[in-house]
Amino acid sequence: MLISAPVLIKPKENMQMLELDLAEPRFGEVRVKMVASGVCHSCLHAYDGSHTGIPMPIVLGDEGSGVVDVVGAGVSHLQKGDHVVISWAPSCNNCKYCNLGFPALCLNTPAIGKTTGDVTMFQHNGKDVHHYGPSTYGSYIVLPESAAVKIRKDFPLESAALIGCSVATGFGAVVNTASLRAGQSVAVFGCGGVGLNAIQGAVTTGAYPIIGVDVLDSKLEMARHFGATHTINLSKQDLDAEIKKLTGNGVDASIIAVGNSKAMEQGLAILAKQGIEVVLGLPGTGDKFPVDPWLLMGGERKIVGSRYGSSNPLVEFPKLVELAVSGRIKIEELVTKRYDLDEADEAFRSLAAGEQARGLIVF
Ligand SMILES: [Zn+2]
Ligand SMILES: [Zn+2]
């Protein structure tokens, strides 16, 4: 079928709205009519060229929601009409990590720019157009059943798109990866889409204090709205002095929800003994940060990465929906701006300028 999508031909250039051929679902795959797509910082890295090695032309988009439109042969858990949140971690259900319940670490993921079987489902004038994960900016997409997670139909499907990346990643980094406990202190660096959800995760654990760290007052205001008990503006305040004032000996956890290696260095330096630093922001290709081994060994501090919030989307997404329905986390309020599909360039500009909690493309 013919679909429409903004296509990135070259980094640092505006995308082109094109009509693309979309292949029919194969065995175990479904086609989803997209309803909404979040505008995520990982896609911005492809858009602005700060991540290299991404094949072009490409359809971006790694968090979205929609309605199952066609069900391929061999699909067992989904039916036409189901409401689904898109996961960017399709899983083989067969490797060590899939069997351990960590499909985001699956050993059999497709090559960058491709889908299952290392092919592309999009074509333009007979030439391949690549996939950025699930490519949620396509008006329709085809994906394996494991990457379309069914949610209840009475939940607002547009804002549910955000569960597919920013909510699951931020919330899970605190709840699953850091396993924060009531009364422990946490600093969240970067109060954008992912960071705000890390703050929401911290609230559900009973952590205190919950310290939002950013360079923009507008983001720190949002951090407080989503549950931060204190905030630090790095462009005006001294991080070490403020952390000392709030915690005495440092934080039990620092969550780095920004792709900035300086923040990763700072997040380690402010850890209390036995503290854990969770790295989830994506730095630019090749970026590094220095680690003083004395901090690790001398105080049993840990640095860990978190991919998809160490979560299993099939289990986690419906759980996050229930938390939102019961009022324990906010999802709709994360959406600060809605865009049409042909406004994706403006959505990236606004994201890069730090103007939004989360922009949402609505189809
Ligand atoms: Zn993302
Ligand atoms: Zn696997």
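(A) Spotlight on the coordination of the zinc ion (ligand 2). Taken together, Cys 92 (SG), Cys 95 (SG), Cys 98 (SG) and Cys 106 (SG) make up the full set of protein donors to the zinc ion (ligand 2), lying 2.3 to 2.4 Å away. Taken together, the 4 donor atoms surrounding the zinc ion (ligand 2) define angles of 104 to 116° at the centre, an arrangement classified as tetrahedral. Mapped onto the polypeptide sequence, the residues donating to the zinc ion (ligand 2) form the spacing pattern C-x2-C-x2-C-x7-C. Overall, the relative accessible area of 7% leaves Cys 95 in the buried class. Overall, Cys 98 belongs to the buried group, its relative accessible area being 13%.

(B) Highlighting the sheet that holds strand 11 (residues 186-189). The strand order 13-12-11-14-15-16 describes an open sheet built from 6 strands, whose pairing is parallel. Single-partner strands in this sheet number two, and they are strand 13 (230-233) and strand 16 (302-305). On average, each strand axis in the sheet is tilted by 20° relative to the strand beside it, whichever way the strands run. In this structure, strand 14 (residues 251-256) lies alongside strand 15 (residues 271-279), joined through 5 bridges in parallel fashion. Across the sheet, Ser 254 pairs through a bridge with Glu 277, a residue of strand 15. With respect to the sheet, helix 4 (residues 166-177) is in contact with strand 14, strand 15 and strand 16, its orientation differing from that of strand 15 by roughly 140°. In this fold helix 8 (residues 261-269) packs onto strand 11, strand 14, strand 15 and strand 16, with an angle of close to 155° to the strand it touches most, strand 15.

(C) Examining the sheet that holds strand 8 (residues 127-131) more closely. With mixed pairing, 5 strands are arranged side by side in an open sheet as 1-2-7-8-4. On the outer flanks of this sheet lie strand 1 (2-7) and strand 4 (58-59), each paired with one strand and no other. Bridge analysis of strand 1 against strand 2 (residues 16-22) gives 6 bridges, and the strand direction is antiparallel. If you follow Leu 2 over to strand 2, its bridge partner there is Asp 21.

(D) Up close: the coordination of the zinc ion (ligand 1). Ligation of the zinc ion (ligand 1) by protein atoms is provided by Cys 40 (SG), Asp 62 (OD) and Cys 165 (SG), these donors lying 2.1 to 2.2 Å from the ion. Note on Cys 165: relative accessible area 7%, which makes it buried.

(E) Structural detail: a nonpolar patch on the surface. There is a patch of nonpolar side chains on the surface, built from Leu 100, Phe 102 and Leu 105 and spanning about 270 Å² of accessible area. Summarising the element assignment, Phe 102 is placed in the loop between helix 2 (96-100) and strand 7 (122-124).

(F) Representation of the packing of helix 4 against helix 10 (residues 313-325). Running from N to C, helix 4 and helix 10 cross one another at 90°; their axes reach a closest spacing of 11 Å. By the angle between their axes, helix 4 is roughly perpendicular relative to helix 10. Together, Val 167, Ala 168, Phe 171 and Asn 176 of helix 4 and Glu 316, Phe 317, Leu 320 and Leu 323 of helix 10 make up the contact between the two elements.

(G) Molecular detail of the pattern of salt bridges. Taken as a whole and assessed by the stated rule, the structure comprises 15 salt bridges. Glu 158 is paired through a salt bridge with Arg 338; the nearest N and O atoms lie 3.0 Å apart. Highlighted residues: Glu 158 in helix 3 (residues 157-160) and Arg 338 in strand 17 (residues 335-339), separated in sequence by 180 residues. With relative accessibility at 38%, the residue Arg 338 sits in the partly exposed group.

(H) Fine view of the packing of aromatic side chains. Under the criterion given, the structure shown has 4 aromatic pairs. With 4.4 Å between their ring centres and 25° between their planes, Tyr 47 and Phe 348 make a pair best called stacked. Taken together, the residues span a long stretch of sequence, with Tyr 47 in helix 1 (residues 41-47) and Phe 348 in helix 11 (residues 344-352) at a distance of 301 residues. Look at Tyr 137 and Phe 348: their rings are 6.2 Å apart centre to centre, the planes differ by 50°, and that puts the pair in the tilted class. Of this pair, Tyr 137 sits in the loop between strand 8 and strand 9 (140-144) while Phe 348 sits in helix 11, and the two are 211 residues apart along the sequence. Ring pairs connect the aromatic residues Tyr 47, Tyr 137 and Phe 348, which therefore count as one cluster. One Lys or Arg, Lys 330, reaches over the ring of Phe 226 and ends 5.4 Å from the middle of that ring.

Parameters and conventions
Residues numbered from 1 in each chain as written. Chains lettered and ligands numbered in written order. Predicted model: local features only at pLDDT ≥ 70, side-chain atom pairs only at ≥ 80, totals over all residues. Heavy atoms only, no water. Donors = N, O, S within 2.8 Å, 3.2 Å for Na, K, Ca; no water. Tetrahedral: all angles 85-135°; square planar, octahedral: opposite > 155°, others 65-115°. Buried < 20%, exposed > 50% of the residue type's maximum accessible area, 1.4 Å probe, protein only. Pairing = 2+ DSSP bridges. Helix = DSSP H or I, 4+ residues; strand = E, 2+ residues; numbered from the N terminus. Axes fitted to C-alpha atoms, helices over the stretch in contact; angles between N-to-C directions. Contact = heavy atoms within 4.5 Å. Patch = residues over 30% accessible without salt bridge, like charges linked within 9 Å, V, L, I, M, F, W, Y side chains within 5 Å. Areas by Shrake-Rupley, 256 points an atom, 1.4 Å probe, with all protein chains shown as cover. Salt bridge = Lys/Arg side-chain N within 4 Å of Asp/Glu carboxyl O. Parallel < 35°, antiparallel > 145°, perpendicular 65-115°, else oblique. Phe/Tyr/Trp six-rings, centres within 6.5 Å; stacked < 30°, edge-to-face > 60°. Lys NZ or Arg CZ within 6 Å of the ring centre and 35° of its normal.

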